[in-house]
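# Reading the structure
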Amino acid sequence: MTNKVAVVSKSGLINNLFKLIFSTNSLNQGYRALGFCSLKPVSHALFNQHGSKLAAVFSKQTLLCLGYSAGLIGLMMTSIAPANAAQGVKVGQRILMIEMTPALCSIYPSRARMRQCLEGYSLTVSGLDLGYGSSCGRGGYPDLTPLQLRVVNRVMPDASVRNQAWRQYGACSPMRASFYFRQIVTHASHLQLPTELNTGNSYTVSKTRFLQQLVKLNSGMSATGVDLICQNSSRNQSILTEIHICYEGTSFGRCPNRVDNCSSNFIISGGRK
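Our subject in this report is the structure included herewith.

Once that is clear, we can look at the pattern of salt bridges. Two side chains of opposite charge can pair, provided their charged atoms sit close to one another. Considering all chains together, one arrives at five salt bridges under this definition. Between Glu119 and Arg115 there is a salt bridge, with its nearest N and O atoms 3.0 Å apart. Note on Arg115: relative accessible area 29%, which makes it partly exposed. The network of salt bridges with common partners includes Lys207, Arg258 and Asp260.

We now examine the state of the cysteines. This structure, assessed with the given rule, holds four disulfides. Across the disulfide from Cys105 sits Cys117; the S-S distance is 1.8 Å. Between Cys105 and Cys117, the S-S torsion sits near -85°, and that sign places the bridge as left-handed. A residue pair is termed long-range when its members are at least 10 positions apart, and Cys105 in helix H4 (residues 101-107) and Cys117 in helix H5 (residues 115-118) qualify at twelve residues. Each member of the pair, Cys105 together with Cys117, is buried. Sulfur-sulfur distance for the disulfide between Cys136 and Cys172 comes to 2.0 Å. Handedness here is read from the sign of the S-S torsion; for Cys136 and Cys172, about -90°, the answer is left-handed. Of the two residues, Cys136 is situated in the loop between strand E4 (123-129) and helix H6 (146-152) and Cys172 in the loop between helix H7 (159-170) and helix H8 (177-190); the sequence distance between them amounts to 36 residues. Accessibility expressed as a relative area gives 4% for Cys172, which makes it buried.

What counts as what
- Residues numbered from 1 in each chain as written.
- Predicted model: local features only at pLDDT ≥ 70, side-chain atom pairs only at ≥ 80, totals over all residues.
- Heavy atoms only, no water.
- Salt bridge = Lys/Arg side-chain N within 4 Å of Asp/Glu carboxyl O.
- Buried < 20%, exposed > 50% of the residue type's maximum accessible area, 1.4 Å probe, protein only.
- Disulfide = S-S within 2.5 Å.
- Helix = DSSP H or I, 4+ residues; strand = E, 2+ residues; numbered from the N terminus.

If you want it as C-alpha cells, here you go:
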C-alpha cells in the first residue's frame, strides 16, 4: 500500500475501486483466462510492433507468450479497416469509459435494478472505444467463459453493460471478445485514481486540482487526455458522472473530442446517505 495521501494503491483500479484484493495467483489465473501469460514481475520490456507500444513487466517466459499475442493482434489491426470511427475516435486511439456509479444510479431510477447499483459499486467501466464503430453488421453477445466473466465482472458487473459495450465498440474490431475485455481489464488495472472516487462519501472538488492529481498519479498522462463529464442536479449543481481516459495504442494520449462540461467545482457523489 502506498503512503501518499489520496492515492489509490498500486494494485490498481480492479483491486481498490471494488474492494476486492487479488493475490498474485488469482490474478494469474484470471489473466490466463483472458489470454494473459503468468504475472512474474522481474523485468521491464517495451514492445514496438505495427506502430503501437506495449509496456509490461513480465518474466522471460511471459514475454515470449505476450509478444506472440501482441504480434497477432497487431497483424489483424493492420489488415482490417475500420467500419466507422465512433465519436471521432480513430483506429489506434482508445477511450476507456468509467462511470461514477452512485451518481448515475441516483440520476436514472431505471438503473436501480442493475447489479452495480444494487451492490454499491463506486466505479464501473462502461466500455472501451477502439474506433471501429458499430456499423459492420456484427453484434450478438460476447462469448466469455465463466472464469473470464469472473475477472471482467470486477469492473463490468452488469451483463447488459458488457453486451452493449461489445456490440457498440468490440464486435466490429478484429478482436475476439476475450481479447477485447482483456484490454479493458488491462487498462483498468493500471489506472490510478484519486481516493475520493472510492470512499463512499460525497465531495465538492476543484476541477483543476482533480485533474492535476489524476495526471500526477499516472505517468505519461496529460490533462488533454482526460474528459470529465458532468450532469446538473435539480439544484443546478455539477455532478461528475463519467471519466474518459484516452490512449494512443497502450500509452496515454489526447482525447479526440472532449465533452469537458464540468464546472470549475463539481460534486463526486459517493452514494452514502
